[in-house]
Structure formats: structure tokens, C-alpha cells
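Residues per chain are reported as follows:
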Amino acid sequence: MPNHSNEELVSQIESSNKRKYFLEKLSEKVFLFCSLLSVISLLLIIGFVFYKGTHPFFAEGYSFIEFIFGLDWVPSEDKFGILPMIVASIFATIGALIIGVPIGLFTAIFLAEIAPKSIARIISPAVQLLAGIPSVLYGVFGLAIIVPFLQNHLGLAKGQSLIAVILVLAIMMLPTIVTVAETSIRAVPKTYREGSLALGASPIGTIFKVVVPAAKSGIMAAIVLGLGRAIGETMAVILVAGNSLVLPTSLTDSIRPLTTNIALEMGYAFGTHQEMLFATGIVLFSFILILNLVLAKIGSKGGK
Amino acid sequence: SQDNTEAEPSSGNQYTLAISGSTSVGPLAEKLAEKFEGKNAEVNIEVNQIGSSAGITNSLSGVSEIGMSSRDLKEEEKQEGLAETIIAYDGIVVVTHPTNKVQDLTLDQVKQIFTGEVTNWKELGGDDMEIVVVSREDGSGSRDAFQEIVGYSSGELIRSSIVASGNGNIKTTVAMNKHAVGFISFEYIDDTISTVKINGVQATAENVLQQKYLLSRPFLFVNKPENLTESGQKFIDYILSPEGQEIVSEAGAIRVK
Amino acid sequence: MRKAKDYFFQSLLWLSAIITIATLCIIVGFIFYKGIHLINLDFIFGDYSPSGGGGILPMIVTTIYTIVISLLIATPIGILAAVYLQEYAKQGRLIRIIRFATESLTGIPSIIYGLFGAVFFVTVLKMGMSIIAASLTLTIIVLPVIIRTTEEALKTVPLTYREGSLALGTTKLQTLYKVILPSAMPGILSGIILSIGRIVGESAAIFLTAGTVAAMPENIFSSARTLTVHSFLVTQEAGDIELAAAVGIVLIVIILILNLSATFISKKLNKADY
Amino acid sequence: MNTTKMDRNKGNEQQIQNKISVNDLNLFYGEKQALFSISIDIREKGVTALIGPSGCGKSTFLRTLNRMNDLIDGVKISGDIVIDNENIYRSNDVIKLRTKVGMVFQKPNLFPMSIYDNVAYGPRMQGIKSKKVLNQLVEDSLKSAAIWDEVKDRLKSSALGLSGGQQQRVCIARAIAMKPEVILMDEPTSALDPISTLKVEELIANMKKDYTIVIVTHNMQQAARVSDKTAFFLNGEIIEYANTETIFSMPKDQRTEDYVTGRFG
Amino acid sequence: MNTTKMDRNKGNEQQIQNKISVNDLNLFYGEKQALFSISIDIREKGVTALIGPSGCGKSTFLRTLNRMNDLIDGVKISGDIVIDNENIYRSNDVIKLRTKVGMVFQKPNLFPMSIYDNVAYGPRMQGIKSKKVLNQLVEDSLKSAAIWDEVKDRLKSSALGLSGGQQQRVCIARAIAMKPEVILMDEPTSALDPISTLKVEELIANMKKDYTIVIVTHNMQQAARVSDKTAFFLNGEIIEYANTETIFSMPKDQRTEDYVTGRFG
Ligand SMILES: Nc1ncnc2c1ncn2[C@@H]1O[C@H](COP(=O)(O)OP(=O)(O)OP(=O)(O)O)[C@@H](O)[C@H]1O
Ligand SMILES: Nc1ncnc2c1ncn2[C@@H]1O[C@H](COP(=O)(O)OP(=O)(O)OP(=O)(O)O)[C@@H](O)[C@H]1O
Ligand SMILES: [Mg+2]
Ligand SMILES: [Mg+2]
């Protein structure tokens, strides 16, 4: 092939290279800026929440300790204690995890490893579809079905309770957990399965001893995302929690988690009351960070 | 306000009147706006139901020209120069499950129920079953008014009470629980719940107007006087006109006069 | 013994799957059971009337507005950000910070986004309660979703494509838009599907930023009410569960259509592979 | 056994006992036939090498011997494979089959667990719980796989931290721990460096007195070095099967000669 | 050029012009050194083969010649590589370098586009838009790559529908379409069946009158068949570099001999 007849081509190439390198540099800057946007948004949001939420403690002489450990929340009487809500949030989250995670994971395993392809092909997208149903409707469902069910079958005076919240949250977590976990289980290299089966392990043994541990990081991501959904959820919870201001001591107590407190009262709140709701947001935010850190720890420990 | 007035259309350009606030006043305001727009094509009214305080904040910050409130203004808010107009009254009715035998309560009994002094329907002449109290959220206009008239404070409210956001949620909650008792606005009364007489007086608009029935509160429009445009004033005037007040009572609220 | 254990776990898997599927069927069944009788052409295509009897066309339009605008903004930014993280950035502090930020953004409750949007976009940037303010707020909400899924999609593009292209004397940028992004498209689309779900299902963040005006929005600076906000309001104020469910049916259908078309597009794009 | 394949099995005269007898085996991936009427007897204890160009069906055939092809959708098989007088496709106990017929893959595929757990994996799945028994088994297996000295101080650390060659020997140990009778190896050294390769080859040479080994290799020299008998595959058929020296020094078939002299692939 | 490496470049006496001169090249992946003081002259037009056991640095070296290693984080390089009197690591115009030095990879890596678009990809990216020019270029390149007849009726259909061997030849066509002067090939036939391999080898034999070709191969026979000169790599060093016949018939170094006679790998 001739290399020589192309001087024209070569010079064309050389002249365009300069422009290309410039574009290259420029585009990298643009991409960097785009990725910094999420940092900027986070900083703005954190800044905003903290600015509003720390004001009462710095400027108005409220005690942060009393805020965290106080038992009374009566904004009209200047009492701002959120301990019952913190406890409620913790219980509700843990409960939802205990129910939602195993069912979600087992379903994901089922879809990825056991279900016939034709079935999985229908169910997986259906589960994804459910991730898009507005949470209000989950709440309505909880209020119209779960709450009366609890009232009638547990003989409760009111079905709005910790257990109702746990059930609704567990249901809401399912689509996220199933979808993300299923993807990561499918991504486990075939060689692990082959290796295990070739050692005479049964398919089920292989799943639980090799495949699931190998998919650990994806499964952790599934749990974290599901957890985010559970903690961040408000609209559904408002409807089934009962929102009572008591320190929960049993599954049948009605509770008020941190998120519902914010959503419930923000519409009417002003002044210090509003700032205290932002302070609730800070607590919620720290709560989420701590949980994510803990889960990451568990994940990395298990991953080893 | 002059600038705003100038922005008003003479040339078929619509002026948008922004109103926001109480979710209780909202539906009524929407109905009034619908009729008003039918008559005044040059005005387009936006009604946002986002809660009394948010509405008041918006009217202060200028995001909305008029705020809607279902509670009285606080001192601080008045000091910022907000003007208020009562556009209607809202009757509040105590509601129970349709199977509940208790049909009549004294104001004092209501207080005892909501403060937890009485915890069984038996003590009020009903069946032997626990009372489940359903209240609105702290800060809600209905709740403020209800507590003030019945005579207890938020701190006294029984701790285990269910707190539901909005009339609809109280209604749904009470309709689904035979133990429950709550309070809602007149407009939301229907046959899924049963209403309770207070001191023997039926909850009706007439009884409120004649001051026989005690549980009511005002629906307010608030605004910074300097922000109120001609259109805004026109709308308020319309509401207070006999025609506007007719719509008010059709919607289930209580006319001002 | 071993067999019994296998059998037990196998049953557990089946049981969980059945519980999940049954629950989801019950929920969808519930929504349809409660709402289907309200669905008719007037309901879907009629204008809204506060005095009753109207349709929900304004909410449908508003919902579509918010989906389109949020995606128009979030998709390019999210994809480019993911491209930076995956294709350009060297591992280091900056990357860790960006990753941490995106991950934290995923965990923030939407009510907080709503409050932020209400102050930042609505008041500070003087957008007023409007579709655009809500869409920008939603953009921040779905950005992390798009970034993460795009990153995952980029990871699956074989290194050999990049090498093949660069070895032909192309720039990174050319390689990116000619080879890498097209092959990552199916994965990116799945992220977009998830985002649509998030946008459509959001209420708290929207009613604080777009408001609840129940009228046909004139433009993106109008205040308006989405379907989800509508179902939230009718539940909260009127306690009208049937209406909320009917709105839910419309939402399910919208999501279904969007998901199917996204899948269809991704299949179309994937065809190039075979 | 079968008379139909005696023409190919000339190398079989020595009257060494056969461990595996394959008769008229055909295998289809969906519509596509990958193995054509394979008949071969594999002798007990010793190394049988399978060579042939890429895509000729060596791996496919190897995987029929412990039914790993069962995992692939749409695989259809006809013909008989008899191991120890039992037709493995008639019996339904795949687990038993795979316990008896171990396998080592092309790429070391240790699980993301400690070295110890990897080797103890199979026995544990068989229900062995006793710490003492397991310890002994792990030690013996690692010793047999000539890797004990290199890993004995780090049994509890992750297996994925080992070099490729070490990993492959742990894979062999893992297979040995099941006390199999047959070990199948699919290009076990192709991912390894020369030194590791040598070690694995030595290991195979040592193991052949105890195990029936079937090894697929692309490397002619390796086949020549480690195997007793060699089968040459081409396009899903066995072209020639004979003693290794015969295959490499005086093959009967022109195609075999072309292949082993490097005219191909 | 450089005198320091004359000892190794005994094969260079024929006074054929050198296209590429490498002098004292060291390469590190992070802390780990992968190439040690590599010095080698590669002649213009002709085939130079790089052989050596796995992991010895053949690919690494090949990829320094068109700076593909730039893509890998933490790679550090010292020493000089001069192509056509230009030190490629001094210049910053990688695009120009890669336009001049084409590359064909181990696995055919066509893009998921039509055959035509694959071949036209490079030229288009250089800004060539004219349909006519492109058509001509695609046709010429496919012809040079000896694949035109097989694909001329399906230029618009997906390149991934071709067989491995066809794909690899389209890869070569794609490289040729850039009118490079040097073509680097990293085990271009190792993923191919014997017949495709033969075709690609024939193609290389034809191309060597026009291009400077550097090929990495694991297959000794292939190196012997296609190359004019051969360099033997071991552990990141060039042990021996000479005419191909010399390397295979009378290598100077014992290690070379061990390797080419199959004692290794
Ligand atoms: N899962 C599968 N589905 C369809 N065809 C397959 C599958 N696996 C292998 N094949 C085909 O079967 C034939 C034999 O493949 P096999 O993997 O057994 O070859 P091999 O001799 O092991 O080759 P190599 O030396 O490359 O490993 C090939 O044509 C291959 O394309
Ligand atoms: N990206 C990388 N990071 C760190 N080390 C690497 C990297 N790529 C290669 N190496 C190491 O550099 C050495 C040379 O690798 P290289 O790929 O050049 O070998 P090779 O001769 O091409 O081997 P093969 O024949 O297996 O392709 C090896 O020890 C390898 O482990
Ligand atoms: Mg194979
Ligand atoms: Mg290499």
C-alpha cells in the first residue's frame, strides 16, 4: 500500500490535530465540572440544612442534648425533644431490614439462579415497575389493607403501629433490593459456579456458599439503597405510623419516625419550630451516614 | 404595588394572581377562583395548597400575593405587617365510627377524651372499648382552633393519640376504626363517619352562624398591603360579595355574614 | 441430611419469591380494584375542575413536563459526570469526594430536597413555585442514580473497544461518542428508567417547589400539580382513596409505557451488536 | 467392551484396565453438532491428553465426562459414557459423579475465601464437619498438590492473593481433597508462567500413579511430556488415538502429522 | 544510531534501513519493573517477531511503540524510542504517532457497527468526509487485507456477524485504512482456528513488502514461518535478537535454545 500519495491527507491530519487536543482539554474540564455539580449540590443542601438546623442551638440558647434526649415534642410550648422519634426511626429501620432484606435477597436469588428464564423475564421488569409506584399509594394500601388487618387479627385498638410501618417499608424496599441484588448475583462469574459444582456441591449449596458471598458487594449496595428508601420515605409512613409521640416499647405502639415529623409539621411550622425540624433533618442525615458507614464496614469485612 | 398594577393586562395579557397556603382553605379557594376566572378572563389565579405557615411565609417573601391560613396570625407575623381578611368560617365537627353509639358529648367530655382523662367509650355511655384519639398535626389551623375552644393545650393532648395529616386522613382513619374519634371540617362530612353533637347542638352552618355551635375557626386571606394588586383586591371583594359567599356555603364552609 | 437442607433452602427461596410476587400483585390489584371504575376518557383527557367531575389532564401534562425537563438536564450532566469519573479521573482525593457526594445524595430524604428547592430555586433564584423549580430539584434527586448506573454501564464496555479506537489515532473524545457511549447505551437507559420511576413517584419534593395549582400549566414557569401530588392531596385532604388509586393506575400505565419504550430503544441500539 | 471402536483404539492392546468407556457419543449445542460419534476408552491411572486446534471440541468432550455440560441450556447428548461400569447419563446422581470425577479449569477459579476454606469446601459440602478430619484432609491435599510448603503459614488468608501458578495448584488440591478417582484438566497451565507450568507438570507426573487424569492442552510439548496416551481431535471427531510417542513420532493420519508438526494453529 | 546495542543487533549487518530505534528502554508498572534496558533496532519493511514465555513483557514492549501504555495508570518509562528520526516520547502528538503506527490486537476487536463503518472509522475521525474517497479507501483496505471478496456483499451488515478469522482480517483492514507505516500485531492469530490462522499468515507475508510489521506470537512455528528477524524476551529483557533462521537453528543463548525447543511454556 502506498504511503506517499497522501501528503494532502497528512497535512490535513496535522492541522486538525491541534484543534483536537484543544477540544480534548476543554471537554475534560466540562466533564469535571459536571461531576463537581453533585458535590456542589450536596454542599449547598448540607449547608442549607445545617444553617437552618443549628440556628436554635447557637443563637437561641436551646440545648442540643435536650433536643436529642428530650421526650417531649410540643412545639407550641417550646418543647423540642426527639428521642422517641430517633428510637422509632431505629426500630422501624431495623425491623424493615429484618423482614425486607431476606425476602428481597431470596427473591433476587430465586430470579437469578432458580427461576426458569421465561418466568424471570416477566417478573424482573414487573418488580422494576413497582419501584416507580408513588409512595403515597403504598401508604394508602397500608392504611386500607394492612392497618385494618392488624386491627382485626391482632385485636388492636389501632392498627397504626410500628409493625405496620415495618411492613410497609419492607414492601417498599423490595423492588430496589430485588433489582440491584439480582443484577449483582447475575454478574458473579460462571467459573465460581462451575468450580463448586465440579466439586460435587449441590446447586443450592453452590448458591449459598459461593455465589452469594461472591456477590457480596452488590448485595450490600442493594441493602444500602433499600435502606435509603426506607429511611427517606415519608408519605407512606405518615399514613400508617399513627405519628404518636410515645417512646415505642412494643411492635403495636404507634410511632413517629424522624422523617414523618418533618413532613407532618413543615407545612405549618415557622420560626424556631421550623428550625427544629431542620435540626431533625440533621439528625436524620447523620443517622443515614452512620448506617451507611456501618454497612460498608460489614460489607468490607465479609468481602474479605 | 404600582408596578404590579401596571403589569396588569389591558391587552388580553393575563395577570397571574398567586395564592398559596392552607390545605384546608385551598379547595374552597380553588372553587372561588374557578368562578371568578369565569367572570374575569384577564385574571388567572394559581392556588397552591402547601400549608398555612408556608403560605404566610410566601406572602411575606412575595412569592405569593395572597396567603391562605386556617389559623390565626401569630404576633410576629402581624408585626411584619400582614393584613388579614376573614373570607369564611369553618365548622369543626367531632367524628366517630358509624357504629359508635355515642352521639352527643359535652365540651368537657371532649376535653377529657383528648387529654386522656377518659379512655373507654363505656364511661361516655358507649360500648366497652378503648378510645383511640385522632388529632391533626401540631401547628395545624384546625387543631389550634379546636384546642383553644375545647380548652386544652398541645402538651395536654394524650400522648398515644394518632396524628393524621389532613382532614382526609382523619376521616379515613376514623372510618376504618370503630374505636376512633377525631375532628374534621364540615366540608368533609360524609356517611363513612358519624358526627357528634356538642352540648346537644347539631353541627350545622346555621348553628355556627347563630353561635349555638361552638367549634369553628376563621379561614383567612393574608397579604402585605403593598403587594396587593388590583386583581387581588378584586378577588377578595368578590369572595366577600353575596355571590362569593354563596359559593362559600355551597362548598360546605360557613359564610362570614 | 444434605438433601433435606437443600430442600429446606430451596423451599425458602420459592417461598420468598412467592411472598414478593404475591405482595406486589396484591398492591397492584388493590390499586386497580379501587380505582378502575373511575377511569374513562373524560377522566384522562378532561380538564380539571375544583368543583368536581373534571379530569386530570393538567396533572398528566405537568407530570410529563417534569419528566422531560428533569431528564433533559440530569441525563447529560449525569452521563458526562460518570464519564469523567470512569474514563478521565485518576483515583485520588477528588474522586473519593465526588463519589462520597453522589452516594450521600442518594440517601437524603426527599422532603429535605423539597425544602432545599423551596428556598434555593423558588426563593433565592426567584423562580417562584414552578415546574422549572421542581424539575431542577428533581434533577438533583436523580443525578446520583444516573451517575451510578452510567458508571456501571461504562465499566462493562470492553477495554478492547477503547484500545481499538485509540490505536487508530482518535482522541478520547471521539472514542467516547463514537464507540463507548453507544455501547454503554443499554445500561444508561436502565438508569434513566429508574430515574423516571423516581421522578414520577416523588411528591414531597414537588409540591414544595411546583406547588399544587390544579390547572393546565402555560409554560415551565407556571406553578402546577403532578399526578403524584394530586393523589397525595386527595388522600390527605379529601380522604378519597378511590380517586388516588385511579390516579395511581394512570401513573402505572405511564411508567409502563416509558419503560417499554426505553427497553425498546435499548433493544434497537443493541441490535448493532448482532 | 465395544467392538465398533476397536479400529481407533489400537493403543489399547496392553490390557490395562479401562476406567472410562465412551461409545458413539454425539453432542449438540442446540442445532449445532459439536461432537461426532466419539468412541474412546480411557485407561485407569495414567494421563490421557486431548489435543487439537481451537474449537474442535476438546473442552466439550472433557465436560461430558463429569456432566458439566448439563449447566448449558440446549445441550443434547446421545451415546454412552460408562465410568466404572456405570452409565453416567443413566444415573441421576450427578453429585456422586462429580465427587468421583474432579475437574481443574483453564483459569484458576478459586473462590473468594481463605485457602483453607477453598480446599475444605468440597468435603464440607459432603457433610464433613470434624475440625480434625478437615485439617488433615486440607494438609494432605495441599501436600499432594505440592503447594503445602508455600501456603502452610497463610492458610487463613485469601486464596486470591496467591500467584496464578500457586492458585492453580490449590485448585488441584481442592479437587484432590474430594478423593476423586478421575481428574479432568482443561488447559490447566495455559494461564501460567513457565516456572509454574513446570511445577504443575511435575505434579501431574506424580499424580498419575494414583489418579486417572484426562488433560486438554494446546501445547504439544506439554502433551508429549506428561501424557501416556494422546487423542487428536479435529472438528468434533477423534482423528487418532494412540500412545503418545506414536502420535508424536509416527502418526497414522496426515492431519495429525500436520498438526503435531506445527503446520496448523 | 546507537552503538551500545550493537552487540545484540548482529542481524543488522545487511544495512537495511531502520524504521524504529529503541535505546535503553525501561518500563515500570507502578513499582514493578516490566522492561529492563531494552535496546533494539527494527528494520523498515519486513516482519520482526517477538517471542518469549508468558509475562515476559512482549505485549508491554509492543505497546510502548504506539504509546498505548499511556492509557494505563502509573506506567513510567525511561529511555528513547525513535521512529523515523522522531523521539516519540518527546513529541506530544500521540494522534499522529498512532496514525502512523497501527495496531492489531490479540482478539479481534471490531466495533459494534457495520463492516464498512469499522474500516471507515479511522479516516472519518481524521476528518475525511467525502463518500467517494471513503468508499475507495474501504475497498482498497479490505482488498489489501484479503477479505474483500468475502465481505463485499455485506459491507453494511454488522461486523460482529463475521467469523473470528474474518473479523481479524477486517481489523487489519481497519488498521491499513489509516495508511500506517508500521503495524503492530499482538498475538493476532491466537484466538483463531487453523484455517483462519493460515489466511492471516499469508496476509502478513504479502504485507511485509509495504509495511514494517512487528508481531508478538506464542507460536514458535508461526514466528519461524512469517518473520525475518526474531527477538527472544525473557523476564523483561531481550535475551537474543537475530535473523529468524539463526534464532531457530543455532541460537547463541542456552535459554533461547531451551525455549525454542519447547523446554519452556
Ligand atoms: N455454549 C455453547 N453454545 C454453542 N456452541 C458452543 C458452546 N460452547 C462451545 N461451542 C462450540 O462447540 C465447538 C467446540 O468447542 P470447545 O470449547 O469444545 O472447543 P475446544 O476444542 O475446547 O477449543 P479451545 O481449544 O479453543 O478451548 C466450537 O465450535 C464452539 O464454538
Ligand atoms: N497493567 C499492568 N499493571 C501491572 N503489571 C502489569 C500490567 N500489565 C502487565 N503487567 C506485568 O508486566 C509483565 C509483562 O506483561 P506483558 O503483558 O507484557 O507480558 P507478555 O509477554 O505479553 O505475556 P503474554 O504472552 O502472556 O501476553 C507481567 O509480569 C505482567 O504481570
Ligand atoms: Mg477449550
Ligand atoms: Mg501479551
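Under an unreviewed UniProt entry, chain C has the name Phosphate transport system permease protein PstA and belongs to Cytobacillus gottheilii. According to the UniProt record, the Subcellular location (unreviewed entry) comment for chain C is "Cell membrane".

Chain A goes by Phosphate transport system permease protein in an unreviewed UniProt entry, where it is assigned to Cytobacillus gottheilii. The UniProt entry for chain A carries this comment under Function (unreviewed entry): "Part of the binding-protein-dependent transport system for phosphate; probably responsible for the translocation of the substrate across the membrane."

Student: Sorry, what's going on with the interface of chain C and chain A here?
Tutor: For an interface, size is often stated in terms of accessible area lost upon the parts coming together. Taken together, the contacts link 72 residues of chain C with 62 residues of chain A. Both faces considered, chain C and chain A share a buried interface measuring about 6,100 Å² in area, 85% of it formed by carbon and sulfur atoms. Where chain C touches chain A, the interface holds five residue pairs in polar contact (both at pLDDT 80 or more). Of all the elements, helix α1 (residues 2–35) of chain C adds the most residues to the side of chain C that touches chain A, at 18 residues. Class assignment of the residues belonging to the side of chain C that touches chain A gives a composition of 51 nonpolar, 19 polar and two charged.

Student: What is the right way to look at the sheet that holds strand β5 (residues 86–87) of chain E in this model?
Tutor: Each strand in a sheet pairs with its neighbour through backbone hydrogen bonds, running either in the same direction (parallel) or in the opposite one (antiparallel). Here four strands make up an open sheet; going across it, the order is β2-β1-β4-β5 (chain E) and the pairing antiparallel. Each end of this open sheet is capped by a strand with a single partner; those strands are β2 (32–43) and β5 of chain E.

Student: What should I look at first to understand the site of ligand 2 in this one?
Tutor: All names here are of chain E. Every one of the 14 residues lining ligand 2 counts as a neighbour, but K32, S54, G55, S59 and T60 are closest to it. C56 places a main-chain nitrogen or oxygen 3.2 Å from an oxygen atom of ligand 2. Burial of ligand 2 by the protein chains amounts to 64% of its free accessible area of 640 Å². For the shell around ligand 2, the element with the most residues is helix α1 (residues 58–64), which contributes three residues. Residue classes in the shell around ligand 2 are distributed as five nonpolar, six polar and three charged.

Student: What am I meant to see in the nonpolar core here?
Tutor: The nonpolar side chains of a soluble globular protein tend to be buried, and buried together. Among the nonpolar cores identified, the biggest contains 210 residues, and A:I45, A:F67, A:W73, C:I31 and C:L227 are the most heavily contacted of them. Counting residues per element, this core draws most heavily on helix α3 (residues 83–114) of chain A, at 15 residues. Residue contacts for A:I45: discarding those within four places in its chain leaves C:L105, C:I108, C:I112, C:Y113, C:F116 and C:I140. E:Y116, E:I176, E:V226 and E:I247 belong to the second largest nonpolar core, which has 46 residues in total.

Procedures and definitions
Residues numbered from 1 in each chain as written. Chains lettered and ligands numbered in written order. Predicted model: local features only at pLDDT ≥ 70, side-chain atom pairs only at ≥ 80, totals over all residues. Heavy atoms only, no water. UniProt positions renumbered as here; feature names shortened; annotations may be inferred. Contact = heavy atoms within 4.5 Å. Buried area = accessible area lost by both parts, 1.4 Å probe. Polar contact = N/O pair within 3.5 Å; in protein donor to acceptor, adjacent residues only side chain to side chain. Helix = DSSP H or I, 4+ residues; strand = E, 2+ residues; numbered from the N terminus. Nonpolar A, V, L, I, M, F, W, Y, C, P; charged D, E, K, R; others polar. Pairing = 2+ DSSP bridges. Near = heavy atom within 4 Å. Areas by Shrake-Rupley, 256 points an atom, 1.4 Å probe, with all protein chains shown as cover. Core = buried A, V, L, I, M, F, W, Y, C linked by side-chain atoms within 4.5 Å. Buried < 20%, exposed > 50% of the residue type's maximum accessible area, 1.4 Å probe, protein only.

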